[in-house]
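Residue strings, one per chain:
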Amino acid sequence: MTKGRRTKIILTASAAVLLAVLCTGLYIVFGVVGMEKKRTYAQSTVVENNIGTGRTVLDTDVTYQTMNGFGASACWWSQDVGTWENHEEILSYLYDSEKGIGLNIYRYNLGAGSKGDVHILTENRGTECFLNADGTYDFTKDAAAQTCLADAKRLAGDDLRVTLFCNSAPVSMTLDGAGYGVPNHDENAPWVTNLDGKNYGVFTDYCYHSAEYFLDAGYRVTDVSPINEPQYSWAAWYNEDGSYSVNQEGCHFSKTEATALYDTMIRKFKDSKVENAGCKISMFESGSAEGKGSACAAYLDCTLGKGPKYVFKNQALRQYFDTVSLHSYWSSAETKRQAAAYLADKYSNYDVVCTEYCQMTNDENTGVFDLISKEPNGTNGMTIEYGTAMAQVILDDLTILNAKEWDWWLGCSYGVYPDGLVYINADDHKDIKTSKRLWCLGNFSKFIDEGAVRVACSSGVEALPCCAFVNPDGSTVVVYVNNTEADTQTVLSCADSYSVYTTSEVHDLSKTAEGTAGDVTVSVPAKSVVTVVMNEPVTVRLPSSALFEDNSHTNSTVAVLYPVFKDMQTVNDWIADFAASYAEKTYGADYTDLELSLKYTVKRFDSKYISIVFEGTGNVRTAAHPNSVFVAKTFDLQNQKEVNPTDICTIDTHFAQEAYTAFCKDTSIAAEFQHIYPNADALLKALQTEDTQIYFTENSVGVSVPVPHAIGDHMETKVPMAV
């Protein structure tokens, strides 16, 4: 081989290596691989080892999701019930926490305007639409459904969460002028969307203006969900006589069409009046919860994926969405474990909400498929077997998928089908029947509040699965599901008063026991759901699902880095206001004369308090020297307000002595500290001034006191104390 040829080969190989390194770097820099830290959930050794003991074990140090709550859909009964004389009574079974099951989520259908369409088999499934064909809006439409929504808010309170969801875009903008796809004689023909891309903008406007209307009307609209189960065809079918029929409104989207629509929608919603009021666009609602190789996974990858195919296309979507929406149909516990594994591997930082489920007669994963199959004329599934089977689905979704929300499909239903919680009669409005599903759902929804944190739990009985939550008020809720034919029991240690609520063949969410502290034998009858509420206040660490990320306030040479907490708008507004105003309030200087750089540390983050310390340097250019900054801020989560240290602990002689001792034990600062503060009385005077900063951890009080600039401007210590 000639020297020149050898040199050429070496140069070519070197170039290839450099190109590979460059590509790898770009691959990482542009987020293809994804550099964000994966979220993982801790495991509890004491819970995992609690096998066959017959005792319930709770581990409040191991936490999971923070709950939105539980809800149901107002399709399609509310369009009728809102005109009935007893509409509020019917809604009370769903949304009243005394008479009913205390749901806190209402799923309102933004109709496509198919009312009167003779091809829809069930008349009341045709909907009214706020958008007229000429492009104007009429929000007096759908009046009966709005009446039911108003009832729900009156019964549940102003904190009722409202999701506006679409089965189809308005018929005035669909390709076939209908709220469903056109029928096709060829069953193998590709499925097509009914919404042309040129109408993505007007569909976005429709969703936006509808959300704006309900927000202005005083409703707490948290989500707009424009795409329902996109992986299905939603097309009508031909009958033997050549006519065609369809069951309901619906719209197919391919995965790329779905992402294209979302690209349009988030540009409208992001940083808008609607979003600033707490309402965001929801990701598509997958028709099932499945893992690798499924349609569900394919749609997720197209929307959130970081592979080369999608990296540049969906970066904005990855940044916007924080939740994955799944329906619980067609999914066994094993299927859900596969879905959970896929999410944990690729999309661990997204929360899961399970937004729809009912016991469809052709779904073999209902747990009652054998019972359904034995009913030749169909069934409403009113008995306890249907209730406990549904409760097992809820439990799986909460514990396998870590779902932070769980919604049933039809709150009310007519006819013969196991899709309702309450059954009503159009010919006799007083004929109201409640299913066991209603009351079994109530074992969760009535006692697990919005903001509740799931904690590790085990019953110590093999055939008695359970879950446990700590509510924002500190009460603990344990739900047991006995889906067997045998009575069972477990022992639960209660440190304060407790109450037991049972749904079984003979009980409808009845209080079956109550008492005070001690080891309590909890009886769980065959085919039952039992809830124990313990009133002893418990503080839990907020889980990793309550993530926070960095944001910053910058202006010229001022930079204040601060945390943004997930689903905590009031907290975030409070922190952002501090970051934006600190420089002016503290230095009273023009930004051009000020250099300020602050970073933060979250010292405490649990169900009671968020306590944050900001540290850094500040320098007014005309001043003699820069100063070292230490600022502590604490927020009371239960009362939703900033608090002073004296609201939490008593700053008195005893506290001063404890702090003085702690400072003096630190040999690195003791001598200088004692020179400035010769005794506890001198320290107490400093503790009572604004210059002292106090923060909180889970088991201590942090104290920062002012000292001369020459020795650092401030000194810190911690006082062990439960607060």
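Residues numbered from 1 in each chain as written. Predicted model: local features only at pLDDT ≥ 70, side-chain atom pairs only at ≥ 80, totals over all residues. Heavy atoms only, no water.

> Looking at this structure, I do not really get the side chain of R107. What am I missing?
Here R107 shows up in strand β3 (residues 105-109). Every residue in contact with R107, bar those within four places of it in the chain, is listed here: A72, S73, A74, T163, F165, E285, T355 and D407. (Helix = DSSP H or I, 4+ residues; strand = E, 2+ residues; numbered from the N terminus. Contact = heavy atoms within 4.5 Å.)

> Whenever I open this one, the sheet that holds strand β29 (residues 693-696) confuses me. Can you help?
Think of a sheet as strands paired side by side through backbone hydrogen bonds, with each pair either parallel or antiparallel. The sheet built from three strands is open, its strands ordered β29-β30-β31 with antiparallel pairing. Looking at which strands have only one partner, the edges of the open sheet turn out to be β29 and β31 (714-720). The sheet shows a mean angle of 20° between the axes of neighbouring strands, direction not considered. Two elements, strand β30 (residues 700-706) and β31, share seven bridges in a ladder whose sense is antiparallel. The partner of V705 across the bridge, within β31, is M715. (Pairing = 2+ DSSP bridges. Axes fitted to C-alpha atoms, helices over the stretch in contact; angles between N-to-C directions.)

> What should I look at first to understand helix α9 (residues 295-304) in this one?
Helical geometry: 3.6 residues make up each α-helical turn, so side chains three or four residues apart lie on a common side. Buried residues dominate α9, accounting for eight of its 10 residues. All of the buried residues in α9 are C296, A297, Y299, L300, D301, C302, T303 and L304. (Buried < 20%, exposed > 50% of the residue type's maximum accessible area, 1.4 Å probe, protein only.)

> I keep staring at empty space enclosed by the protein and nothing clicks. Help me out?
Summary: where empty space remains is shown by rolling a probe the size of a single water molecule over the atoms. As enumerated under the stated definition, the model contains one cavity of 30 Å³ or more in all. Estimates place the volume of the largest cavity at around 60 Å³. As for the largest cavity, its lining consists of A74, C75, S78, Q79, Y108, N109, G111, T127, D142 and A145. Listing elements by their share of the lining of the largest cavity, those giving two or more residues are α3 (78-81) and β3. Considering only residue class, the lining of the largest cavity consists of four nonpolar, five polar and one charged. (1 Å grid on protein atoms, 1.4 Å probe; cavity = no way out; pocket = protein on both sides within 12 Å on 5 of 7 lines; lining within 4 Å. Points joined across faces, edges and corners; volume = space filled by probe spheres on them. Nonpolar A, V, L, I, M, F, W, Y, C, P; charged D, E, K, R; others polar.)

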